[in-house]
Amino acid sequence: MITAIVLIQADIHQIPETAQAVADIPGVEEVYSCAGDVDLIAKVRVRDHEQIATVVTGKINRLPGVVKSATHIAFRSYSSSDVEGGFSIGEN
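Every value quoted in this text rests on a predicted model; they were computed, and no experiment measured them.

S.K.: Is there a simple way to explain the sheet that holds strand β4 (residues 66-73) in this structure?
M.R.: Backbone hydrogen bonds are what pair the strands of a sheet, in a parallel or an antiparallel way. As summarised here, the arrangement of the four strands in space is β2-β3-β1-β4, forming an open sheet in which the pairing is antiparallel. On the outer flanks of this sheet lie β2 (28-33) and β4, each paired with one strand and no other. The sheet shows a mean angle of 20° between the axes of neighbouring strands, direction not considered. As paired elements, β2 and strand β3 (residues 40-46) share five bridges and run antiparallel to each other. Residue pairing for β3: Glu30 is matched across the bridge by Lys43. On the sheet, helix α1 (residues 15-23) packs against β1 (2-10), β2, β3 and β4 and is oriented at approximately 165° with respect to β2. Each of β1, β2, β3 and β4 is contacted by helix α2 (residues 49-56), which is oriented at about 165° to β4, the strand it contacts most.

Here is what the cut-offs are and how they apply
Residues numbered from 1 in each chain as written. Predicted model: local features only at pLDDT ≥ 70, side-chain atom pairs only at ≥ 80, totals over all residues. Heavy atoms only, no water. Pairing = 2+ DSSP bridges. Helix = DSSP H or I, 4+ residues; strand = E, 2+ residues; numbered from the N terminus. Axes fitted to C-alpha atoms, helices over the stretch in contact; angles between N-to-C directions. Contact = heavy atoms within 4.5 Å.

Geometry only, nothing functional implied.
As structure tokens, this is what we get:
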């Protein structure tokens with residue numbers, strides 16, 4: 001599976017509706033409303049790169065309320081236990 005993180009700038013008057021519309025798209029696992037440089041962050045999980053294009057450019061970017069997006073493809077994922085384990089090598 002391929003994971004992509006999509007940072008979305010949305011029309012300020014349509015953030016809740018836009019977030020729900022993004023969440024309803026197949027391939028979108030989670031959508032977060034957040035403060036900062038972007039309004040929404042979507043986690044997309046699909047089988048191949050072509051599906052990322054379908055989900056992001058074909059669906060998310062065409063939604064009313066989406067002003068701009070930036071997509072970041074994940075190479076690896078780490079959990080807190082993975083990170084802690086890496087620092088404890090050689091410890092007894």
